[in-house]
Amino acid sequence: MKREYEYLNLARFLAALWVLLFHANIHFGQLEPLSFINPILNEGVLGMTVFFILSGFVLAMCYSSFKEKGTAQSFYLARVIRLYPVYLVMGVVTFPTIFMTAEGYLFYEYYTVIWIAMIIGIFLLAIQAWAPALFSVWNFGGSWSLSVEAFFYATFPKLRDYLTKLSKENLIIIIFACIIIMFTILSLLIAQEGENSQQVIFYVLPVFRYPEFILGAVVFILCVERKSYRELLTKLSIPAFIIGLILIYTIELPGYLDFGFLFALPIAMIFVKTLELKASEFTSKIFNYLGHISYCLYLVQFGTAPYLISVLGDASLLESWLAFIAMTFIAANLLHFLIEVPAHSFLKKKLVERSLMKVR
(Lines give C-alpha, C1' and ligand atoms only; values in the text may rest on other atoms or scores of the structure.)
Protein backbone atom coordinates (compact mmCIF):
# COMPACT_ATOMS: atom_id res chain seq x y z
CA MET A 1 0.00 0.00 0.00
CA LYS A 2 1.44 3.36 -1.03
CA ARG A 3 2.14 5.93 1.65
CA GLU A 4 -0.26 8.84 2.04
CA TYR A 5 1.27 12.27 2.60
CA GLU A 6 -1.44 13.68 4.81
CA TYR A 7 -0.16 17.25 4.87
CA LEU A 8 -0.02 17.37 1.08
CA ASN A 9 -3.59 16.12 1.10
CA LEU A 10 -4.47 18.88 3.53
CA ALA A 11 -2.81 21.45 1.24
CA ARG A 12 -4.89 20.15 -1.68
CA PHE A 13 -8.07 20.51 0.35
CA LEU A 14 -7.20 24.02 1.60
CA ALA A 15 -6.61 25.14 -1.98
CA ALA A 16 -10.03 23.78 -2.99
CA LEU A 17 -11.62 25.46 0.05
CA TRP A 18 -9.92 28.75 -0.82
CA VAL A 19 -11.42 28.63 -4.31
CA LEU A 20 -14.82 27.73 -2.82
CA LEU A 21 -14.84 30.73 -0.47
CA PHE A 22 -13.53 32.94 -3.26
CA HIS A 23 -16.53 31.98 -5.39
CA ALA A 24 -18.89 32.48 -2.44
CA ASN A 25 -17.57 36.05 -2.25
CA ILE A 26 -18.13 36.54 -5.97
CA HIS A 27 -21.60 34.97 -6.26
CA PHE A 28 -23.22 35.96 -2.97
CA GLY A 29 -21.24 38.90 -1.58
CA GLN A 30 -18.76 39.43 1.24
CA LEU A 31 -19.61 38.47 4.80
CA GLU A 32 -18.91 41.26 7.28
CA PRO A 33 -17.50 38.92 9.99
CA LEU A 34 -14.86 37.79 7.49
CA SER A 35 -13.87 41.30 6.44
CA PHE A 36 -10.43 40.95 8.03
CA ILE A 37 -9.55 38.05 5.71
CA ASN A 38 -11.49 39.24 2.65
CA PRO A 39 -8.29 40.47 0.93
CA ILE A 40 -7.02 36.89 1.17
CA LEU A 41 -10.34 35.37 0.09
CA ASN A 42 -10.42 37.74 -2.87
CA GLU A 43 -7.05 36.32 -3.95
CA GLY A 44 -8.65 32.92 -4.49
CA VAL A 45 -7.07 32.82 -7.92
CA LEU A 46 -3.88 31.93 -6.04
CA GLY A 47 -5.59 28.67 -5.11
CA MET A 48 -5.02 27.58 -8.69
CA THR A 49 -1.32 28.36 -8.33
CA VAL A 50 -1.29 26.05 -5.31
CA PHE A 51 -2.97 23.29 -7.33
CA PHE A 52 -0.57 23.53 -10.26
CA ILE A 53 2.60 23.70 -8.15
CA LEU A 54 1.35 20.78 -6.07
CA SER A 55 0.60 18.81 -9.22
CA GLY A 56 4.17 19.17 -10.49
CA PHE A 57 5.59 18.43 -7.04
CA VAL A 58 3.54 15.27 -6.48
CA LEU A 59 4.08 13.88 -9.98
CA ALA A 60 7.83 14.36 -9.64
CA MET A 61 7.65 12.54 -6.31
CA CYS A 62 5.60 9.63 -7.64
CA TYR A 63 7.54 9.17 -10.88
CA SER A 64 11.32 9.27 -10.77
CA SER A 65 11.82 8.10 -14.34
CA PHE A 66 10.00 6.88 -17.44
CA LYS A 67 12.84 4.80 -18.81
CA GLU A 68 11.23 1.50 -17.90
CA LYS A 69 9.13 0.02 -20.69
CA GLY A 70 5.40 0.64 -20.29
CA THR A 71 5.80 3.21 -17.51
CA ALA A 72 4.65 6.13 -19.66
CA GLN A 73 1.63 4.18 -20.89
CA SER A 74 0.75 3.28 -17.32
CA PHE A 75 1.13 6.92 -16.29
CA TYR A 76 -1.20 8.20 -19.01
CA LEU A 77 -3.85 5.61 -18.21
CA ALA A 78 -3.67 6.45 -14.51
CA ARG A 79 -4.11 10.16 -15.31
CA VAL A 80 -7.13 9.49 -17.52
CA ILE A 81 -8.70 7.39 -14.76
CA ARG A 82 -7.99 10.17 -12.30
CA LEU A 83 -9.31 12.98 -14.49
CA TYR A 84 -12.31 11.77 -16.44
CA PRO A 85 -14.99 10.01 -14.32
CA VAL A 86 -15.93 13.03 -12.18
CA TYR A 87 -15.15 15.41 -15.04
CA LEU A 88 -17.64 13.67 -17.34
CA VAL A 89 -20.34 13.44 -14.66
CA MET A 90 -20.08 17.17 -13.92
CA GLY A 91 -20.20 17.83 -17.65
CA VAL A 92 -23.53 16.01 -17.85
CA VAL A 93 -24.90 17.71 -14.71
CA THR A 94 -24.04 21.20 -15.92
CA PHE A 95 -24.85 20.57 -19.59
CA PRO A 96 -28.15 22.56 -19.58
CA THR A 97 -26.13 25.75 -19.05
CA ILE A 98 -24.78 25.40 -22.56
CA PHE A 99 -28.20 26.46 -23.84
CA MET A 100 -28.04 29.61 -21.71
CA THR A 101 -24.85 30.51 -23.56
CA ALA A 102 -26.56 29.91 -26.89
CA GLU A 103 -29.66 31.92 -25.94
CA GLY A 104 -31.14 33.59 -29.00
CA TYR A 105 -29.84 30.96 -31.40
CA LEU A 106 -32.37 28.98 -33.43
CA PHE A 107 -31.72 25.43 -32.29
CA TYR A 108 -33.03 23.83 -35.45
CA GLU A 109 -30.47 25.70 -37.54
CA TYR A 110 -27.45 23.70 -38.63
CA TYR A 111 -24.90 26.24 -37.34
CA THR A 112 -26.24 25.93 -33.79
CA VAL A 113 -26.00 22.15 -33.90
CA ILE A 114 -22.43 22.41 -35.23
CA TRP A 115 -21.53 24.93 -32.49
CA ILE A 116 -22.86 22.68 -29.71
CA ALA A 117 -21.13 19.63 -31.23
CA MET A 118 -17.87 21.59 -31.35
CA ILE A 119 -18.22 22.60 -27.68
CA ILE A 120 -18.89 18.98 -26.66
CA GLY A 121 -15.85 17.84 -28.66
CA ILE A 122 -13.65 20.45 -26.97
CA PHE A 123 -14.91 19.29 -23.57
CA LEU A 124 -14.31 15.59 -24.28
CA LEU A 125 -10.77 16.32 -25.47
CA ALA A 126 -10.21 18.59 -22.43
CA ILE A 127 -8.76 21.38 -24.56
CA GLN A 128 -11.07 24.23 -23.46
CA ALA A 129 -8.22 26.10 -21.76
CA TRP A 130 -6.69 26.66 -25.21
CA ALA A 131 -9.77 28.69 -26.18
CA PRO A 132 -10.08 31.46 -23.55
CA ALA A 133 -12.89 33.08 -25.55
CA LEU A 134 -15.08 30.15 -24.44
CA PHE A 135 -14.42 30.83 -20.73
CA SER A 136 -18.10 31.70 -20.12
CA VAL A 137 -19.48 28.70 -22.03
CA TRP A 138 -20.97 25.66 -20.22
CA ASN A 139 -18.73 24.87 -17.19
CA PHE A 140 -15.54 25.98 -18.95
CA GLY A 141 -15.13 28.77 -16.39
CA GLY A 142 -14.23 26.03 -13.90
CA SER A 143 -13.19 23.00 -15.90
CA TRP A 144 -10.48 24.96 -17.73
CA SER A 145 -8.09 23.98 -14.92
CA LEU A 146 -8.59 20.29 -15.77
CA SER A 147 -7.65 21.14 -19.33
CA VAL A 148 -4.45 22.72 -18.00
CA GLU A 149 -3.79 19.58 -15.94
CA ALA A 150 -4.32 17.43 -19.03
CA PHE A 151 -1.61 19.42 -20.82
CA PHE A 152 0.72 18.99 -17.85
CA TYR A 153 0.08 15.25 -17.85
CA ALA A 154 0.70 14.96 -21.59
CA THR A 155 4.13 16.58 -21.32
CA PHE A 156 5.26 15.27 -17.94
CA PRO A 157 7.05 12.00 -18.91
CA LYS A 158 9.42 13.81 -21.30
CA LEU A 159 9.81 16.71 -18.89
CA ARG A 160 10.66 14.43 -15.95
CA ASP A 161 13.34 12.56 -17.86
CA TYR A 162 14.79 15.85 -19.12
CA LEU A 163 14.91 17.49 -15.66
CA THR A 164 16.54 14.39 -14.19
CA LYS A 165 19.55 14.90 -16.45
CA LEU A 166 20.13 18.54 -15.47
CA SER A 167 22.73 19.70 -12.97
CA LYS A 168 21.75 21.27 -9.65
CA GLU A 169 22.87 24.66 -10.94
CA ASN A 170 20.67 24.42 -14.00
CA LEU A 171 17.70 23.34 -11.89
CA ILE A 172 17.94 26.36 -9.62
CA ILE A 173 18.21 28.59 -12.70
CA ILE A 174 14.95 27.08 -13.93
CA ILE A 175 13.23 27.89 -10.61
CA PHE A 176 14.15 31.56 -10.86
CA ALA A 177 13.33 31.62 -14.56
CA CYS A 178 9.80 30.40 -13.75
CA ILE A 179 9.39 33.16 -11.15
CA ILE A 180 10.69 35.81 -13.56
CA ILE A 181 8.25 34.66 -16.24
CA MET A 182 5.34 34.90 -13.77
CA PHE A 183 6.48 38.40 -12.74
CA THR A 184 6.90 39.51 -16.35
CA ILE A 185 3.38 38.40 -17.28
CA LEU A 186 1.92 40.28 -14.30
CA SER A 187 3.92 43.41 -15.12
CA LEU A 188 2.82 43.45 -18.76
CA LEU A 189 -0.85 43.09 -17.80
CA ILE A 190 -0.70 45.75 -15.07
CA ALA A 191 0.85 48.13 -17.60
CA GLN A 192 -2.39 47.95 -19.57
CA GLU A 193 -5.10 50.19 -18.20
CA GLY A 194 -8.46 48.81 -17.14
CA GLU A 195 -10.05 45.40 -17.57
CA ASN A 196 -9.18 43.48 -20.71
CA SER A 197 -9.72 40.03 -22.11
CA GLN A 198 -6.00 39.32 -22.09
CA GLN A 199 -6.20 38.72 -18.34
CA VAL A 200 -8.36 35.67 -18.98
CA ILE A 201 -5.99 34.49 -21.71
CA PHE A 202 -2.99 34.58 -19.37
CA TYR A 203 -5.05 33.10 -16.55
CA VAL A 204 -6.29 29.98 -18.34
CA LEU A 205 -3.93 29.25 -21.21
CA PRO A 206 -1.84 26.17 -20.27
CA VAL A 207 1.40 27.55 -21.66
CA PHE A 208 1.20 30.49 -19.24
CA ARG A 209 0.47 28.22 -16.25
CA TYR A 210 3.29 25.85 -17.16
CA PRO A 211 5.98 27.67 -15.09
CA GLU A 212 4.01 26.86 -11.91
CA PHE A 213 3.95 23.17 -12.76
CA ILE A 214 7.64 23.13 -13.69
CA LEU A 215 8.57 24.97 -10.50
CA GLY A 216 6.80 22.36 -8.36
CA ALA A 217 8.55 19.49 -10.14
CA VAL A 218 11.99 21.14 -10.03
CA VAL A 219 11.73 22.04 -6.32
CA PHE A 220 11.02 18.39 -5.50
CA ILE A 221 13.92 17.12 -7.62
CA LEU A 222 16.35 19.71 -6.25
CA CYS A 223 15.35 19.96 -2.57
CA VAL A 224 14.01 16.48 -1.82
CA GLU A 225 15.51 14.08 -4.34
CA ARG A 226 18.96 15.69 -4.44
CA LYS A 227 18.79 17.49 -1.06
CA SER A 228 20.38 20.63 -2.49
CA TYR A 229 19.81 24.38 -2.04
CA ARG A 230 17.00 23.72 0.41
CA GLU A 231 18.27 26.13 3.07
CA LEU A 232 18.85 28.90 0.52
CA LEU A 233 15.41 28.55 -1.07
CA THR A 234 13.74 28.43 2.37
CA LYS A 235 15.46 31.68 3.37
CA LEU A 236 14.42 33.34 0.13
CA SER A 237 10.81 32.15 0.44
CA ILE A 238 10.21 33.82 3.84
CA PRO A 239 10.62 37.47 2.72
CA ALA A 240 8.80 36.68 -0.54
CA PHE A 241 5.82 35.39 1.45
CA ILE A 242 5.80 38.42 3.78
CA ILE A 243 6.03 40.90 0.90
CA GLY A 244 3.25 39.04 -0.94
CA LEU A 245 0.99 39.15 2.11
CA ILE A 246 1.58 42.88 2.53
CA LEU A 247 0.76 43.49 -1.13
CA ILE A 248 -2.47 41.49 -0.88
CA TYR A 249 -3.64 43.78 1.93
CA THR A 250 -2.52 47.01 0.27
CA ILE A 251 -3.05 46.55 -3.48
CA GLU A 252 -6.18 45.21 -5.16
CA LEU A 253 -5.26 43.74 -8.51
CA PRO A 254 -7.89 43.78 -11.26
CA GLY A 255 -9.53 40.79 -12.84
CA TYR A 256 -7.66 37.51 -12.73
CA LEU A 257 -4.29 38.93 -11.73
CA ASP A 258 -2.46 37.78 -8.60
CA PHE A 259 0.91 37.93 -6.86
CA GLY A 260 1.74 34.33 -7.69
CA PHE A 261 5.35 35.16 -8.53
CA LEU A 262 5.93 35.99 -4.84
CA PHE A 263 4.05 33.02 -3.42
CA ALA A 264 5.22 30.30 -5.84
CA LEU A 265 8.50 29.53 -4.07
CA PRO A 266 7.05 29.72 -0.51
CA ILE A 267 4.24 27.36 -1.55
CA ALA A 268 6.71 24.85 -3.02
CA MET A 269 8.97 25.03 0.03
CA ILE A 270 5.99 24.42 2.32
CA PHE A 271 5.37 21.23 0.37
CA VAL A 272 8.99 20.23 0.93
CA LYS A 273 8.59 20.79 4.66
CA THR A 274 5.36 18.80 4.88
CA LEU A 275 7.18 15.63 3.79
CA GLU A 276 8.95 15.64 7.17
CA LEU A 277 5.77 16.07 9.19
CA LYS A 278 3.81 13.18 10.59
CA ALA A 279 0.32 13.55 12.01
CA SER A 280 -1.41 11.29 14.49
CA GLU A 281 -3.38 8.35 13.14
CA PHE A 282 -6.70 10.12 13.72
CA THR A 283 -5.52 13.42 12.21
CA SER A 284 -4.04 11.58 9.24
CA LYS A 285 -7.41 10.01 8.48
CA ILE A 286 -9.09 13.42 8.53
CA PHE A 287 -6.45 15.10 6.35
CA ASN A 288 -6.42 12.22 3.87
CA TYR A 289 -10.21 12.21 3.65
CA LEU A 290 -10.27 15.97 3.00
CA GLY A 291 -7.58 15.61 0.36
CA HIS A 292 -9.44 12.76 -1.33
CA ILE A 293 -12.67 14.76 -1.74
CA SER A 294 -10.88 17.96 -2.82
CA TYR A 295 -11.07 17.21 -6.55
CA CYS A 296 -14.84 16.73 -6.31
CA LEU A 297 -15.14 19.73 -3.99
CA TYR A 298 -13.48 21.88 -6.61
CA LEU A 299 -15.50 20.64 -9.58
CA VAL A 300 -18.93 20.32 -8.02
CA GLN A 301 -19.21 24.00 -7.05
CA PHE A 302 -19.64 24.89 -10.70
CA GLY A 303 -22.93 23.06 -10.50
CA THR A 304 -24.06 24.09 -7.02
CA ALA A 305 -23.33 27.81 -7.45
CA PRO A 306 -25.54 28.41 -10.55
CA TYR A 307 -28.32 26.28 -9.04
CA LEU A 308 -28.38 28.15 -5.72
CA ILE A 309 -28.18 31.54 -7.43
CA SER A 310 -31.37 30.65 -9.30
CA VAL A 311 -33.34 29.33 -6.29
CA LEU A 312 -32.23 31.28 -3.21
CA GLY A 313 -34.18 34.41 -4.08
CA ASP A 314 -34.45 36.68 -1.02
CA ALA A 315 -32.22 34.58 1.24
CA SER A 316 -29.86 36.51 3.47
CA LEU A 317 -26.16 36.71 2.74
CA LEU A 318 -25.31 34.32 5.57
CA GLU A 319 -28.00 31.85 4.49
CA SER A 320 -26.66 31.92 0.93
CA TRP A 321 -23.11 31.24 2.12
CA LEU A 322 -24.16 28.39 4.40
CA ALA A 323 -26.35 26.83 1.72
CA PHE A 324 -23.57 27.05 -0.87
CA ILE A 325 -20.90 25.57 1.40
CA ALA A 326 -23.18 22.82 2.80
CA MET A 327 -24.60 21.79 -0.58
CA THR A 328 -21.14 21.78 -2.18
CA PHE A 329 -19.67 19.60 0.58
CA ILE A 330 -22.58 17.15 0.46
CA ALA A 331 -22.47 16.94 -3.34
CA ALA A 332 -18.67 16.52 -3.28
CA ASN A 333 -18.95 13.58 -0.87
CA LEU A 334 -21.66 11.93 -2.94
CA LEU A 335 -19.65 12.42 -6.10
CA HIS A 336 -16.48 11.08 -4.48
CA PHE A 337 -17.93 7.98 -2.83
CA LEU A 338 -20.58 7.09 -5.43
CA ILE A 339 -18.71 7.95 -8.63
CA GLU A 340 -15.00 8.68 -8.20
CA VAL A 341 -13.97 5.81 -5.90
CA PRO A 342 -15.99 3.04 -7.64
CA ALA A 343 -14.96 4.27 -11.11
CA HIS A 344 -11.27 4.39 -10.21
CA SER A 345 -11.40 0.94 -8.63
CA PHE A 346 -13.30 -0.60 -11.55
CA LEU A 347 -11.17 0.95 -14.29
CA LYS A 348 -7.85 0.15 -12.60
CA LYS A 349 -8.94 -3.44 -12.02
CA LYS A 350 -9.91 -3.89 -15.66
CA LEU A 351 -6.72 -2.33 -16.99
CA VAL A 352 -4.49 -4.28 -14.61
CA GLU A 353 -6.26 -7.50 -15.62
CA ARG A 354 -5.40 -6.71 -19.22
CA SER A 355 -1.84 -5.81 -18.19
CA LEU A 356 -2.18 -2.33 -19.66
CA MET A 357 -1.01 -0.48 -16.57
CA LYS A 358 0.83 -0.83 -13.30
CA VAL A 359 -0.91 0.17 -10.08
CA ARG A 360 0.47 3.49 -8.76
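This text follows the structure it describes.
Keep in mind that what you see is a predicted model, and the values were worked out from it rather than measured.

Scoring rules and cut-offs
Residues numbered from 1 in each chain as written. Predicted model: local features only at pLDDT ≥ 70, side-chain atom pairs only at ≥ 80, totals over all residues. Heavy atoms only, no water. Helix = DSSP H or I, 4+ residues; strand = E, 2+ residues; numbered from the N terminus. Buried < 20%, exposed > 50% of the residue type's maximum accessible area, 1.4 Å probe, protein only. Axes fitted to C-alpha atoms, helices over the stretch in contact; angles between N-to-C directions. Parallel < 35°, antiparallel > 145°, perpendicular 65-115°, else oblique. Left-handed = near helix turned anticlockwise from the far one by under 90°. Contact = heavy atoms within 4.5 Å. Salt bridge = Lys/Arg side-chain N within 4 Å of Asp/Glu carboxyl O. Nonpolar A, V, L, I, M, F, W, Y, C, P; charged D, E, K, R; others polar.

Caption draft 1: Structural view of unusual backbone geometry. Phi is positive for Trp138, close to 55°, though the residue is something other than glycine. One can find Trp138 in the loop between helix 6 (110-125) and helix 7 (140-165). Here Trp138 falls in the buried class, since its relative accessible area comes to 10%. Backbone geometry places Tyr229, a non-glycine residue, at a positive phi of 60°.

Caption draft 2: Fine view of the packing of helix 8 (residues 168-190) against helix 11 (residues 230-250). Across the interface, helix 8 lies against helix 11 with an axial gap of 12 Å and an inter-helix angle of 15°. The angle between helix 8 and helix 11 falls in the class roughly parallel. Helix 11 is crossed by helix 8, and the crossing has right-handed handedness. Of helix 11, the residues touching helix 8 (which contributes Ile172, Ile175 and Phe176) are Leu232, Leu233 and Leu236.

Caption draft 3: The arrangement of the environment of Ser167 in detail. Along the chain, Ser167 falls in the loop between helix 7 and helix 8. Distance from Ser167 to Leu222, taken between C-alpha atoms, is 9.3 Å for residues 55 residues apart in sequence.

Caption draft 4: Region of the structure containing the pattern of salt bridges. Inspection of every chain in the model, using the stated rule, returns 7 salt bridges. Put simply, Glu340 and Arg82 hold a salt bridge, and the shortest N to O gap is 2.9 Å. Placement of Glu340 in helix 14 (residues 317-353) and of Arg82 in helix 4 (residues 71-93) is noted, with a sequence separation of 258 residues between them. Between Arg160 and Glu225 there is a salt bridge, with its nearest N and O atoms 2.6 Å apart. You can see Arg160 sitting in helix 7 and its partner Glu225 sitting in helix 10 (residues 206-225), a full 65 residues away along the chain. Given a relative accessible area of 35%, Glu225 falls into the partly exposed group.

Caption draft 5: Up close: the side chain of Thr274. Counting through the fold element by element, Thr274 comes out in helix 12 (residues 260-274). Other than its neighbours up to four places away in sequence, Thr274 contacts Tyr7 and Leu8.

Caption draft 6: The arrangement of the packing of helix 3 (residues 46-62) against helix 7 in detail. Two numbers describe how helix 3 lies on helix 7: the axes approach to 11 Å, and their chain directions differ by 30°. When the interaxial angle is binned, helix 3 and helix 7 end up roughly parallel. As helix 3 packs across helix 7, the resulting crossing turns out to be right-handed. Mapping the contact onto sequence places Met48, Phe51, Phe52, Ser55, Leu59 and Ala60 in helix 3 and Trp144, Ser145, Val148, Glu149, Phe152, Tyr153, Phe156 and Arg160 in helix 7. Its residues placed into classes, the contact of helix 3 with helix 7 shows 10 nonpolar, 2 polar and 2 charged.

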